[in-house]
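Here's the letter readout for the chains.
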Amino acid sequence: MKINSWFFLLLFMSCTSAKIQQTHTAMPFDKEGHRGCRGLMPENTIPAFLKALDLGVTTLEMDAVITKDSQVLISHDPYINFEFSLGPNGQNLTKADQKQLNIYKMTYAETQQYDVGSKYYPRFPKQQKIKVHKPLLSTVIDSVEAYIQQHHLPPVQYNIETKSTDSTDGIYHPNPATFVRLIMQVIEQKGIASRVIIQSFDIRTLQYLHEHYPTIKTALLVESPVTLNFAAQLKQLGFIPTIYSPDYTMVTPLLVKQCHDMGIALIPWTVDDLPTMQKLKNMGVNGLISDYPNLYAQLK
């Protein structure tokens with residue numbers, strides 16, 4: 001009788017759960033700055049990443065998109081977001097303008113005409129305002145590594161999200177294989193592969209990464225509500241990711257145990273108040289992603 005490979009994998013992982021749990025207990029708590037430190041500085045910008053370093057984060061979380069000329073740009077949105085961006089002449093943009101400002105149809109040089117840090121952003125009133133533009137992944141890495149060396153800080157991890165869905169292939173981004181290859185070209189050129197995590201809601205990018213770059217850490221992002229349970233999500237993914245990263249409202253003691261029994265770190269997003277952060281840490285999560293990494297100093 002042929003043994004189902006997935007069943008065998010689950011059985012193997014469950015047999016080694018005690019050893020895995022000891023490993024997780026020994027892991028340092030991962031303090032991730034969401035989009036740098038979105039609550040304090042303009043999101044996904046070099047000033048935000050450098051501020052996060054000053055606040056002691058262990059991982060810089062960021063989002064990647066691809067430009068018309070195949071550059072890896074750091075941006076959560078696949079377009080120029082009118083809520084916090086100004087036009088080439090400093091003018092306010094509208095939602096209608098935003099629809100025409102698809103980054104995948106713009107060159108890198110064209111994206112640099114837009115100021116993404118000076119406009120007041122009501123969702124994050126504590127953000128420091130500064131004129132700044134969307135940076136290339138390569139520039140972020142260069143800036144961060146130089147800052148770390150200059151200020152004698154410990155190395156950090158880079159948690160990079162591929163912003164893609166199957167319904168927008170060729171519209172807002174390239175296919176998963178191309179997307180991953182473009183990111184990995186930068187990572188390999190900069191020599192930081194051992195400190196990189198690739199995260200995504202789009203399992204296709206994680207599957208391609210796992211097949212072609214198996215040493216790179218992966219994080220499965222999960223939104224609430226879910227249609228599949230934890231085991232079914234892993235079965236659909238087809239391999240055991242390094243990190244399971246759900247909406248923080250999904251975290252329960254059972255989920256913590258399930259992750260740790262499978263040898264997976266549990267790092268939820270996006271947690272922006274101290275009581276919730278403390279509750280989740282006490283529950284046993286392996287780290288947190290927050291817009292306000294200044295709060296980590298108050299965790300016990």
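Structure: above.
Quick look at the structure, then. As the structure is a computational prediction, the values presented were derived from the model and not from experiment.

1. Examining helix 3 (residues 46-54)
Of all the residues in helix 3, the buried ones are Ala48, Phe49, Leu50, Ala52 and Leu53. Among the structural elements, strand 2 (59-66), strand 3 (72-74) and helix 6 (137-151) are those in contact with the buried residues of helix 3.

2. Notes on the layout of surface pockets
In this structure, the largest pocket occupies an estimated 610 Å³ of space. Around the largest pocket, the lining comprises 27 residues; the ones closest to its centre are His76, Glu161, Lys163, Phe201 and Glu223. Among the secondary structure elements, those contributing two or more residues to the lining of the largest pocket are strand 2, strand 4 (157-162) and helix 8 (203-212).

3. Description of the pattern of salt bridges
Evaluation of the coordinates by the stated rule reveals 10 salt bridges. Across the pair Asp63 and Arg35 runs a salt bridge whose closest N-O atoms are separated by 3.8 Å. Here the residue Asp63 occupies a position in strand 2, and Arg35 occupies one in the loop between strand 1 (30-33) and helix 3, the gap between them amounting to 28 residues. The two residues Asp63 and Arg35 agree in class, both being buried. Here Lys257 and Asp261 are joined by a salt bridge, their closest N and O atoms 2.6 Å apart. On the criterion of helical spacing, the pair formed by Lys257 and Asp261 is a turn pair, its members being 4 residues apart in helix 10 (residues 253-261). Using a relative accessible area of 47% as the deciding quantity, one classes Lys257 as partly exposed. Accessibility expressed as a relative area gives 16% for Asp261, which makes it buried. Through salt bridges with shared partners, a single network forms among Arg35, Arg38, Glu43, Asp63 and Asp291.

4. Some remarks on the nonpolar core
Judged by nonpolar contacts, the single largest core of 72 residues is most densely connected at Leu60, Val144, Ile160 and Tyr244. Not counting residues within four places of it along the chain, the set of residues in contact with Ile160 comprises Met62, Ala64, Leu137, Ile183, Ile187, Val196, Ile197, Ile198 and Gln199. Judged by nonpolar contacts, the second largest core, of 9 residues, contains Val65, Ile103, Met106 and Tyr114.

5. Re unusual backbone geometry
Of note, the bond from Ser224 into Pro225 is cis; its omega dihedral lies within 30 degrees of zero at 0°. With respect to the helices and strands, the residue Pro225 is situated in the loop between strand 6 (217-222) and helix 9 (230-237). Non-glycine residue Arg35 carries a positive phi angle of around 55°. By relative accessible area, which is 8% here, Arg35 ends up buried. Phi is positive for Ser70, close to 65°, though the residue is something other than glycine.

6. Side note on the environment of Ser245
Within the secondary structure layout, Ser245 lies in strand 7 (residues 243-246). Look at Ser245 and you get buried, because its relative accessible area is 1%. For the pair Ser245 and Ile264, spaced 19 residues apart in sequence, the C-alpha to C-alpha distance is 9.9 Å. In contact with Ser245, not counting residues within four places along its chain, are Leu220, Leu221, Val222, Ile267, Trp269 and Ile289. At 2.7 Å, the side chain of Ser245 and the backbone oxygen of Ile267 are in polar contact.

7. Remarks on the environment of Tyr121
By the element assignment, Tyr121 lies in the loop between helix 5 (108-111) and helix 6. Taking the relative accessible area as the measure of exposure, Tyr121 reaches 2% and is therefore buried. Expressed as a C-alpha distance, the spacing of Tyr121 and Phe84, which sit 37 residues apart in the sequence, is 5.6 Å. Leave out the neighbours within four places in its chain, and Tyr121 touches Glu43, Glu83, Phe84, Gln127 and Lys129.

8. Re the pairing of strand 6
For strand 6, the tally of buried residues reaches 5 of 6 residues, placing the bulk of the element in the interior. In terms of strand pairing, strand 5 (residues 196-200) meets strand 6 through 4 bridges, oriented parallel. Counterpart to Gln199 in the pairing with strand 6 is Ala219. The handedness of the strand 5 to strand 6 crossover, carried by helix 8, is right-handed.

Reading guide: rules and limits
Residues numbered from 1 in each chain as written. Predicted model: local features only at pLDDT ≥ 70, side-chain atom pairs only at ≥ 80, totals over all residues. Heavy atoms only, no water. Buried < 20%, exposed > 50% of the residue type's maximum accessible area, 1.4 Å probe, protein only. Helix = DSSP H or I, 4+ residues; strand = E, 2+ residues; numbered from the N terminus. Contact = heavy atoms within 4.5 Å. 1 Å grid on protein atoms, 1.4 Å probe; cavity = no way out; pocket = protein on both sides within 12 Å on 5 of 7 lines; lining within 4 Å. Points joined across faces, edges and corners; volume = space filled by probe spheres on them. Salt bridge = Lys/Arg side-chain N within 4 Å of Asp/Glu carboxyl O. Core = buried A, V, L, I, M, F, W, Y, C linked by side-chain atoms within 4.5 Å. Polar contact = N/O pair within 3.5 Å; in protein donor to acceptor, adjacent residues only side chain to side chain. Pairing = 2+ DSSP bridges. Right-handed = clockwise from strand over helix to strand, strands pointing away.

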